[in-house]
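# Coordinate analysis (summary)
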Amino acid sequence: MSDIITTIQSAVTQAVEQLYGEKTDPAAVQVNTTPPDFTGDYSVVVFPFVKIAKKSPDAVASEIGAFLHREVAEVAGFNVVKGFVNLEIADTYWQHFLASVAANPTYGRKPRNGQKVMVEYSSPNTNKPLHLGHIRNILLGWSCAQILDAAGYDVVKAQIINDRGVAICKSMLSWKKYGAGKTPENSGIKGDHLVGDFYVLFEQKTKEEYDAWQQSSEASAIFENRGKKEQTEKEFFKDYKNKWFNEHSVLGAEVREMLLKWEAHDPDTVALWKQMNGWVYQGFDRTYSDLGVSFDKLYYESDTYLLGKDIVEDGLSKGVFFKKDDGSVWIDLTDAGYDQKIVLRADGTSVYITQDLGTARMRYHDFGCDRFVYVVADEQNYHFQVLFEILKRLGEPYAAGLHHLSYGLVELPTGRMKTREGTVVDADDLIEELIRIAREQAQERGETEGISPEEKESNLRKIGMGALKFFIIKVHPKKRMIFNPEESVDLQGQTGPYIQYSYVRINGLMQRVEKENIDLSAAVGYEGIQPQERDLLAALHEYPAVLMQAASAYDPSLVANYCYDLAKKFHRFWHDLSVFNADTAAAKAFRLTLSKAVGQVLKSGMQLLGVEMPNRM
RNA sequence: GGCUCCGUAGCUUAAUGGAUAGAGCAUCUGACUACGGAUCAGAAGGUUAGAGGUUCGAGUCCUCUCGGAGUCACCA
């Protein structure tokens with residue numbers, strides 16, 4: 001059975017050719033679902049043909065409508081309003097369509113297309129626990145991977161772990177100085193939080209040292225000699241902090257020494273680094289498990305931070321890069337609207353972008369992917385534009401398939417989250433909080449009968465996580481999000497639990513179907529499909545197109561909003577029409593089949609977002 | 001300052017260039033002696049930041065203005 005929209009499009013093309021003698025592209029014919037308040041299921045926009053026909057829009061619409069009514073079996077009727085042809089689709093078409101959807105548990109998913117794509121997401125630093133920003137990143141990456149999988153790609157979910165550098169050395173030094181042998185085991189603190197606590201402690205100690213230093217004669221002398229005389233002492237020392245840390249701080253010197261030792265593979269330093277990173281990974285694993293996400297491939301920055309040298313050689317020989325007198329290597333991107341960019345320091349060491357160039361090539365060799373999706377916050381837009389441009393100029397075979405899934409930062413009403421100031425919404429806390437809210441709401445509603453404590457707990461988890469995930473994914477990735485911790489995430493209205501509840505209703509019906517062994521084949525005899533039913537059918541019909549659009553736009557929010565729309569239509573259907581108490585056996589069977597199909601699609605769609613459906617709630 | 005992104009109801013938001021801008025929250029009104037009320041219906045709330053332009057048709061495309069954010073490191 002071919003898609004009704006494709007059928008209409010090609011029929012319109014035929015109509016235009018026969019009536020007005022001009023060939024048009026069927027794919028360019030606009031077919032929309034008819035808005036409420038008009039009769040019909042689908043509408044054809046005829047304005048593009050008005051010039052060809054040299055007639056009024058309404059005349060063209062009437063002619064095309066009559067043609068479709070005559071030639072296309074599925075078109076049962078039509079009407080014309082202001083240059084739009086509204087087509088009524090025959091019940092028999094919907095009957096067949098529904099039967100095919102209900103019989104196909106993988107409806108909407110595409111067969112394997114033989115293409116590989118790598119989605120990189122999460123990419124945490126190992127000096128502190130995950131926060132709300134990571135949650136948005138992780139959920140976007142995860143659902144993007146699921147959607148690409150549904151669209152037929154073979155997906156590799158990857159994570160690059162930033163496990164080296166100054167930040168982790170701060171935590172390490174802090175633990176060494178003040179830790180007194182504290183471990184996750186002997187303190188009961190989750191590993192990533194423990195390490196994060198020492199990072200925060202280090203920042204506190206640094207601040208104390210800085211405050212004390214400001215009283216010294218050395219500091220006074222530097223302040224007196226400041227360039228900007230109009231600066232107050234407070235303003236000056238705020239700006240000066242980085243320079244002070246690098247040139248005067250005792251703690252700063254110790255951290256740099258530690259980093260050098262790590263780079264020189266000093267056994268004690270490496271052992272401490274391994275131990276503390278191990279704690280962090282244990283903690284991350286629990287958070288990932290709570291979020292229900294996983295990875296196929298882990299890359300560690302400690303393995304990759306020296307990569308990219310060969311690419312620099314390659315670029316030099318191809319004339320893409322050039323060398324300056326001091327030996328540093330650059331690329332000139334001014335003709336593409338970017339700047340000159342350094343890719344190798346004079347001392348021969350890599351910079352951030354060199355690493356990314358190297359890892360891109362390495363990943364291609366590892367997996368042979370045609371596409372790479374980087375889920376990274378939009379503050380790095382410029383970096384990725386430059387990175388992709390360089391890879392293009394180097395003639396990398398995967399250059400055309402690179403995509404930066406850029407998303408807006410999650411902020412608090414007071415501004416950006418800052419670890420140092422303790423204004424971070426911790427991922428674990430937030431997860432726990434939502435499950436708590438779900439439990440609270442469930443208690444207000446009273447006990448569900450005959451449900452085991454295990455199932456109850458599992459459901460509360462599904463509901464809480466469903467609320468959190470849907471809340472975050474329904475917003476378009478590019479939009480900046482402001483999260484107010486004072487206002488708890490809703491469980492009513494446009495939410496995950498709203499959609500889960502529609503599924504629970506359907507599940508209740510299906511259980512009864514099974515128990516009473518109801519035969520659904522009588523559905524075929526149903527006549528007079530109701531508007532609420534047609535809305536659902538049209539929505540089901542749309543699902544494959546929504547999936548493909550979400551995949552090509554790398555936009556999970558499309559799937560989230562689709563699921564909400566479908567659930568809303570189902571709730572209305574449920575309210576307005578009786579299923580088990582329907583007038584006829586045919587109506588009952590039809591509505592049960594329809595409910596079954598809606599349940600399948602809701603489950604499938606929400607699964608792409610990482611939201612699980614409870615059977616009861 | 002250059003470049004990029006964003007600006008839709010009090011708040012959170014939706015809308016392949018198509019018809020009367022669609023939802024949710026909050027506010028007010030209603031609806032089951034149960035196919036489960038985490039639901040449904042109704043009211044009120046909009047000059048889509050502003051001004052021009054392109055188009056049969058603009059929240060959407062172009063130009064300018066205003067407001068917000070990001071970025072313009074030999075940091076990652």
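Everything below is about the structure printed above this text.
Residues numbered from 1 in each chain as written. Chains lettered and ligands numbered in written order. Predicted model: local features only at pLDDT ≥ 70, side-chain atom pairs only at ≥ 80, totals over all residues. Heavy atoms only, no water.

### Thoughts on the overall build of chain A
Looking only at helices and strands, one finds 22 helices and 14 strands in chain A. Seen through its C-alpha atoms, chain A measures out along the principal axes to roughly 95 × 65 × 50 Å. The contacts in chain A between residues at least 6 apart in sequence include a share of 74% that link residues at least 24 apart. When the accessible area of chain A is evaluated, it comes to approximately 29200 Å², of which 49% is carbon and sulfur surface. (Helix = DSSP H or I, 4+ residues; strand = E, 2+ residues; numbered from the N terminus. Contact = heavy atoms within 4.5 Å. Areas by Shrake-Rupley, 256 points an atom, 1.4 Å probe, with all protein chains shown as cover.)

### As for the environment of Ile-189
Within the element layout of this structure, Ile-189 appears in the loop between helix H7 (184-187) and helix H8 (191-213). When the C-alpha positions of Ile-189 and Gly-283 are compared, they lie 9.4 Å apart, and in sequence the two are 94 residues distant. Excluding anything up to four places from it in sequence, Ile-189 contacts Lys-182, Pro-184, Leu-194 and Asp-197.

### What about the sheet that holds strand S10 (residues 340-344)?
Strands sit in the order S8-S9-S10 across an open sheet of three strands; the sheet is antiparallel. The open sheet has two free edges, formed respectively by strand S8 (322-323) and S10, since each of these has just one partner strand. Across four bridges, the pairing between strand S9 (residues 329-332) and S10 is antiparallel. Within S10, the residue paired with Trp-330 across the bridge is Ile-342. Contacting S8, S9 and S10, helix H14 (residues 309-317) crosses the sheet at an angle of about 125 degrees to S10. (Pairing = 2+ DSSP bridges. Axes fitted to C-alpha atoms, helices over the stretch in contact; angles between N-to-C directions.)

### Considerations on the protein's contact with RNA strand B
Around RNA strand B, the surrounding shell holds 56 residues, and the nearest of these are Ser-43, Tyr-498, Tyr-501, Trp-574 and Met-617. For RNA strand B, the backbone portion of the atoms within 4 Å of the protein, that is sugar and phosphate, comes to 55%. With respect to RNA strand B, the side chain of Glu-301 contributes an N or O atom lying 2.7 Å from a sugar or linking oxygen. Take Arg-572: an N or O atom from its side chain is 2.7 Å from a phosphate oxygen of RNA strand B. Among the elements of the structure, strand S2 (42-45), helix H2 (47-53), strand S4 (84-89), helix H19 (496-516) and helix H21 (557-576) are those that each provide at least two residues to the surface near RNA strand B. (Near = heavy atom within 4 Å. Polar contact = N/O pair within 3.5 Å; in protein donor to acceptor, adjacent residues only side chain to side chain.)

### What to know about the packing of H8 against helix H12 (residues 267-291)
Running from N to C, H8 and H12 cross one another at 130 degrees; their axes reach a closest spacing of 6 Å. Classified by the interaxial angle, the pair formed by H8 and H12 is oblique. Within the contact between the two elements, H8 uses Gly-191, Asp-192, Leu-194 and Val-195 and H12 uses Met-276, Trp-279, Val-280, Gly-283, Phe-284 and Thr-287. (Parallel < 35°, antiparallel > 145°, perpendicular 65-115°, else oblique.)

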